[in-house]
Amino acid sequence: MKKLKKIKIRVNGKIKIIIDKLTLYQLLNDLNIPITKVAIELNKEIVNKKKLKKMKLKNKDIIEIVHFIGGG
Amino acid sequence: MSKDKLIVANKKFSSRLIVGTGKYQNMTECAKAIKISGADIVTVAVRRVNISDKNKPLLMDYVDPKKITYLPNTAGCFTSKDALRTLRLAREIGGWRLVKLEVLGDKKNLFPDMIETLKSTEVLSKEGFKVMVYCNDDPLMAKRLENAGASAIMPLAAPIGSGLGILNETNIKIIRNQTKLPLIIDAGLGQASDATVAMELGCDGVLVNTAIAKAKKPFMMAEAFKNAVISGRQSFLSGRIDKTLMGKPSSPTKGII
């Protein structure tokens, strides 16, 4: 069986090793992220949440996932 | 009083008290204090999701954004660039356009950097945001923010979290007299009577976080602020008597035996 290529990405400041060509949608699902309650940035660009399934991740991608927390 | 609503960016709110959601011991305490305060609007911060602890409670599970208006805030931003990034992300979470802009200039006194704040207000207004702007109590700057498209002017009473109350009532009055925009005192209140004073000066509302969250009894303080805001508003609308130097008897002077 062909071995899957792995890539290195950074999610919220932490390095993660994932399989190549994983979509952003799959990543968020793996991380158990409630998509309707967050916003996502890919390499400093805000991601349109409707396009998550089409977005394949590349090596060295930087992802930020944010949500609302308590604040003044 | 039920017809007397706070109107910001054409949206009507029943309560003139806006509360922050920070500094509470936990989400349950925060949610209960909000409920008791009667606030319709709460400020919230935008931060990274904790991806290693998947079971961490979410604010949205405790405070329903369908019932309470979330006001995303740029607390902790020290540049226009960071503030814009934060609010664009906030909008993406679910269409939030009514936002609170706060660009700080000094880590110790937490005073706003008004040059960065003004720049951000211009950009955000052009992008369609309805920006409620945290600012210092300078009438000239308040005017500039208004010209830049601000939806509400939110001068500080005193440094954030200081509890000092309104330090410059005169400036607040001047700002009140020059603007028809909603004027909301933001930051620095320490006790319920401070909110009453703000409302009596003619402000449209107050924003309180630390004074409630860090009171020894947050729930009781939440109620105290609720009543204080209502009281101050009624007092303002009632039209106070003129101040005089000498005494005037309250009882008729005729017919004294």
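So, a few notes on the structure that sits alongside this text. All figures in this text were calculated on a predicted structure; none of them were measured in a lab.

**Brief notes about the packing of helix 7 (residues 192-200) of chain B against helix 9 (residues 218-238) of chain B**
Residues and elements named next belong to chain B.
So, point 1. Between helix 7 and helix 9, whose axes approach to 7 Å, the crossing angle comes to 25 degrees. Taken together, the axis directions place helix 7 and helix 9 in an arrangement best described as roughly parallel. When you trace helix 7 past helix 9, the crossing you get is right-handed. Across the interface between the two elements, Ala192, Ser193, Ala195, Thr196, Val197, Ala198, Met199 and Glu200 from helix 7 touch Ala224, Phe225, Ala228, Val229, Ser231, Gly232, Arg233, Ser235 and Phe236 from helix 9.

**Focus: the environment of A:Ile40**
So, point 1. For A:Ile40, the location among the structural elements is in strand 3 (residues 39-42).
So, point 2. Along the primary structure A:Ile40 and A:Lys51 are separated by 11 residues, whereas in three dimensions their C-alpha atoms are 11 Å apart.

**Some points on unusual backbone geometry**
So, point 1. Look at A:Asn32: it is not a glycine, yet its phi comes out positive at around 65 degrees.
So, point 2. Mapped onto the elements, A:Asn32 comes out in the loop between helix 1 (24-30) and strand 3.
So, point 3. Of note in the backbone geometry, B:Ala9 takes a positive phi value of approximately 50 degrees without being a glycine.
So, point 4. Counting through the fold element by element, B:Ala9 comes out in the loop between strand 1 (6-8) and strand 2 (11-13).
So, point 5. Taking the C-beta count within 10 Å as the criterion, B:Ala9 has 14 such neighbours and is therefore assigned partly exposed.

**Digging into the pairing of strand 3 of chain A**
Residue and element names in this part refer to chain A.
So, point 1. By the bridge criterion, 4 bridges tie strand 3 to strand 5 (residues 62-70) in an arrangement that is antiparallel. Bridged to Leu42 within strand 5 is Ile63.
So, point 2. Bridge analysis of strand 3 against strand 4 (residues 45-46) gives 2 bridges, and the strand direction is antiparallel. Among the inter-strand pairings, Glu41 is bridged to a residue of strand 4, identified as Ile46.
So, point 3. In textbook terms, the turn of a hairpin is the stretch between consecutive antiparallel strands, and for strand 3 and strand 4 this stretch comprises 2 residues, one of which, Asn43, has a positive phi near 50 degrees.

What counts as what
Residues numbered from 1 in each chain as written. Chains lettered and ligands numbered in written order. Predicted model: local features only at pLDDT ≥ 70, side-chain atom pairs only at ≥ 80, totals over all residues. Axes fitted to C-alpha atoms, helices over the stretch in contact; angles between N-to-C directions. Helix = DSSP H or I, 4+ residues; strand = E, 2+ residues; numbered from the N terminus. Parallel < 35°, antiparallel > 145°, perpendicular 65-115°, else oblique. Left-handed = near helix turned anticlockwise from the far one by under 90°. Contact = placed C-beta atoms within 7 Å. Buried ≥ 20, exposed ≤ 12 C-beta atoms within 10 Å, placed from the backbone. Pairing = 2+ DSSP bridges.

None of the figures reported here should be taken as evidence of function without further support.
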